[in-house]
Amino acid sequence: MAKPVQIEVWNPNGKYRVVSTKPMPGTRWINLLIQQDCRVEICTQNKTILSVEDIIALIGDKCDGVIGQLTEDWGDALFSALSKAGGKAFSNMAVGYNNVDVNAANRYGVAVGNTPGVLTETTAELAATLSVAAARRIVEADAFMRGGLYEGWLPHLFVGNLLKRQTVGVIGAGRIGSAYARMMVEGFKMNLIYYDLYQATRLEKFVTAYGQFLKANGEQPVTWKRASSMDEVLREADVISLHPVLDKTTYHLVNKERLAVMKKEAILVNCSRGPVIDEVALVEHLKANPMFRVGLDVFEDEPYMKPGLADMKNAIVVPHIASASKWTREGMATLAALNVLVYHLYKK
Ligand SMILES: NC(=O)C1=CN([C@@H]2O[C@H](COP(=O)(O)OP(=O)(O)OC[C@H]3O[C@@H](n4cnc5c(N)ncnc54)[C@H](O)[C@@H]3O)[C@@H](O)[C@H]2O)C=CC1
Ligand SMILES: O=C(O)C(=O)CO
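Residues numbered from 1 in each chain as written. Chains lettered and ligands numbered in written order. Predicted model: local features only at pLDDT ≥ 70, side-chain atom pairs only at ≥ 80, totals over all residues.

Enquirer: Looking at this structure, how should I read the overall build of the protein chain?
Expert: A count of helices and strands for the protein chain gives 12 helices and 13 strands. At 23 Å, the protein chain has a C-alpha radius of gyration in line with the 20 Å of a compact globule built from 348 residues. With respect to the three principal axes, the spread of C-alpha positions in the protein chain is 70 × 45 × 35 Å. Burial analysis of the protein chain (348 residues in total) assigns 41% to the buried set. (Helix = DSSP H or I, 4+ residues; strand = E, 2+ residues; numbered from the N terminus. Rg over C-alpha atoms; globule rule 2.2 N^0.38 Å. Buried ≥ 20, exposed ≤ 12 C-beta atoms within 10 Å, placed from the backbone.)

See the structure below:
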């Protein structure tokens, strides 16, 4: 039997019981639930990742809906427990739902929601930040300065890459990949090459129009190309950012062989999911190619890094913060609450 979990209760007399496995930013999401007659229970347990047993204890005997987190394993055990407690709706507070077994949810009659859109620009901005930080060696230079090593300007000190007129490669040109591509094309006048299973028509139109604008102003136009294979992007791009969903087709999409295809001085950014890159192969590649740089927001065995990664000066690592702006996180919480409510509102 799991230990009882600590909770904070809002609107104790509400008719529907909705559980959030974590406190979430803002109060709009709580107010929306209360307005629809929900008793809101928020788990305040001081434990970063709740186990399946912890969440089963939270669900208890009666629960109408749950808002959960991407760190939790939403599979058969949890959907079975939620269904037994009368639950009909679950929302991940994330757009990615690789932690959710949607088939299991279907089997138990639980509707599943996620939080797309509201985090698109914020996530793309972090990918752009990592791209620039890697190109200009910002983290290394910061450590150098703080280490008291700066003795004066030198022609060779922290020389990095100029992005202007280089090629940006995007793998997975969906919402976030396309927003990132637009930032890099418009912000740095980079040419675009992308690979996706589907054509990114709006993105292509944007780059074409921006190219025409530049030309009309006497500047060299930017260009775009839809690659017929992922390897084409890896071969041609100077900066490559990964934005696909994580599923069977994208697991270890970037492996030893594909790293070898990339330019020796390329920059690789990952703000999608850790397992899209074979991280062991990446560490070896970083060791063998000191001019190759990566910017990583996500890791294969999150929260852990593969041995050796933390020692690599050509790697920038941040703790899965790509969607971490106040506006976005409040928006994600609001969307998650609406997802859980939709089912109940629909029934009324
Ligand atoms: N690091 C972070 O904090 C965040 C990470 N994410 C991750 O980013 C992912 C993408 O989010 P969105 O852009 O909103 O989703 P989206 O569904 O709009 O875009 C995903 C794209 O990947 C493409 N794709 C799927 N399989 C592919 C393959 N085998 N090769 C190439 N492309 C493939 C799809 O066609 C689609 O265009 C999420 O699933 C999530 O895992 C999202 C938000 C924040
Ligand atoms: O939404 C997601 O998928 C994240 O990784 C966090 O925002």
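Enquirer: How should the nonpolar core be read in this particular structure?
Expert: Generally speaking, nonpolar side chains in soluble globular proteins are found buried as a group. In terms of nonpolar packing, the biggest core is built from 57 residues, with A127, V168, Y180, A181, L192, Y194 and V233 touching the most fellow members. Per-element accounting of this core gives the leading share, eight residues, to helix α5 (residues 120-135). The contact partners of L192, leaving out residues within four places of it in the chain, are V168, V170, A181, V185, V207 and W224. Core analysis: the next-biggest nonpolar cluster, separate from the first, contains 41 residues, I56, A94, A336 and A337 among them. (Core = buried A, V, L, I, M, F, W, Y, C linked by C-beta atoms within 7 Å. Contact = placed C-beta atoms within 7 Å.)

Enquirer: Before we go on, may I ask you to explain the UniProt feature "domain: D-isomer specific 2-hydroxyacid dehydrogenase NAD-binding" (unreviewed entry) in the protein chain in this structure?
Expert: The sites that UniProt annotates as "domain: D-isomer specific 2-hydroxyacid dehydrogenase NAD-binding" (unreviewed entry) are residues 130-322. Taken end to end, residues 130-322 comprises 35% helix and 15% strand; its first and last C-alpha atoms sit 10 Å apart. (UniProt positions renumbered as here; feature names shortened; annotations may be inferred.)

Enquirer: Whenever I open this one, the confidence of the model for the protein chain confuses me. Can you help?
Expert: Note that predicted coordinates carrying low pLDDT should not be read in detail. The predicted model of the protein chain has a mean per-residue pLDDT of 97, with 97% of residues at 70 or higher. Interface scoring of the predicted complex returns ipTM 0.99; its pTM is 0.97. (pLDDT = per-residue confidence, 0-100.)

Enquirer: Sorry if this is basic, but what is going on with the packing of helix α2 (residues 52-59) against helix α3 (residues 76-84) here?
Expert: Each pair of packed helices can be summarised by the angle the axes make with each other and by the distance between the axes. Axis separation between α2 and α3 bottoms out at 10 Å; the angle between their running directions is 5 degrees. When the interaxial angle is binned, α2 and α3 end up roughly parallel. On the side of α2, the interface is formed by V52, I55, I56 and I59, while α3 contributes A77, L78, A81 and L82. (Axes fitted to C-alpha atoms, helices over the stretch in contact; angles between N-to-C directions. Parallel < 35°, antiparallel > 145°, perpendicular 65-115°, else oblique.)

Enquirer: Help me out: how do you make sense of the site of ligand 1 in this one?
Expert: Surveying the vicinity of ligand 1 reveals 30 residues, the closest of which are G96, G172, G174, I176 and A322. By residue number, the principal contributor to the shell around ligand 1 is helix α7 (residues 175-188), which donates three residues. For the shell around ligand 1, the class distribution of residues is 15 nonpolar, 11 polar and four charged. (Near = placed C-beta within 6 Å. Nonpolar A, V, L, I, M, F, W, Y, C, P; charged D, E, K, R; others polar.)

Enquirer: What's the story with the sheet that holds strand β7 (residues 167-171) in this structure? I'm lost.
Expert: Remark on secondary structure: sheet strands pair via backbone hydrogen bonds, oriented parallel or antiparallel. Read across the sheet, seven strands follow the order β9-β8-β7-β10-β11-β12-β13 without closing on themselves; strand pairing throughout is parallel. Single-partner strands in this sheet number two, and they are β9 (224-226) and β13 (315-317). Taken pair by pair, the neighbouring strands of this sheet meet at an average axis angle of 15 degrees, ignoring direction. Here three bridges tie strand β12 (residues 293-296) to β13, and the two strands are oriented parallel to one another. The partner of G295 across the bridge, within β13, is I316. On top of the sheet, α7 reaches β7, β8 (191-195) and β10 (239-242); it is set at about 175 degrees to β7, its chief contact. (Pairing = 2+ DSSP bridges.)

Enquirer: Where do I start with the UniProt feature "domain: D-isomer specific 2-hydroxyacid dehydrogenase catalytic" (unreviewed entry) in the protein chain in this structure?
Expert: UniProt marks residues 35-341 with the feature "domain: D-isomer specific 2-hydroxyacid dehydrogenase catalytic" (unreviewed entry), using the numbering shown here. With 38% helix and 15% strand, the stretch residues 35-341 has end C-alpha atoms that lie 10 Å from each other.

Enquirer: Looking at this structure, how should I read the pairing of β12?
Expert: Here is the key point about a regular strand: its side chains alternate between the two faces of the sheet. Neither face of β12 is open: one carries R293 and G295, the other V294 and L296, and all of them are buried. Each parallel crossover has a hand, and for strand β11 (residues 267-270) linked through helix α11 (residues 279-288) to β12 it is right-handed. (Right-handed = clockwise from strand over helix to strand, strands pointing away.)

Enquirer: Looking at this structure, how should I read the sheet that holds strand β5 (residues 89-92)?
Expert: Sheet architecture is open: six strands sit in the order β1-β3-β2-β4-β5-β6, paired in mixed fashion. The sheet is open, and its two borders are formed by β1 (7-10) and β6 (111-113), each paired with just one other strand. If you compare each strand with its neighbour and ignore which way they point, the axes differ by 15 degrees on average. Here five bridges tie strand β2 (residues 16-20) to strand β3 (residues 38-43), and the two strands are oriented parallel to one another. Looking across to β3, one finds that S20 is bridged to I42.

Enquirer: Sorry, what's going on with the environment of V245 here?
Expert: Mapping V245 onto the fold places it in the loop between β10 and α10 (256-261). Here the alpha-carbon distance between V245 and G172, two residues 73 residues apart in the chain, equals 7.7 Å. The residues contacting V245, other than those within four sequence positions of it, are G96 and T250.

Enquirer: Help me understand α7, please; the structure alone is not making it clear to me.
Expert: Side chains of residues three or four places apart in an α-helix project in the same direction, reflecting 3.6 residues per turn. For α7, spanning 14 residues, the distance from its first C-alpha to its last is 20 Å, which sits close to the expected 20 Å at 1.5 Å a residue. Within the sequence span of α7, burial applies to I176, G177, S178, A179, Y180, A181, M184 and V185. Looking at the packing, one finds that the buried side of α7 touches α5, β7, β8, α8 (201-216) and β10. Two residues or fewer past α7, K189 is found with a positive phi of approximately 55 degrees. (Expected span 1.5 Å × (residues − 1).)

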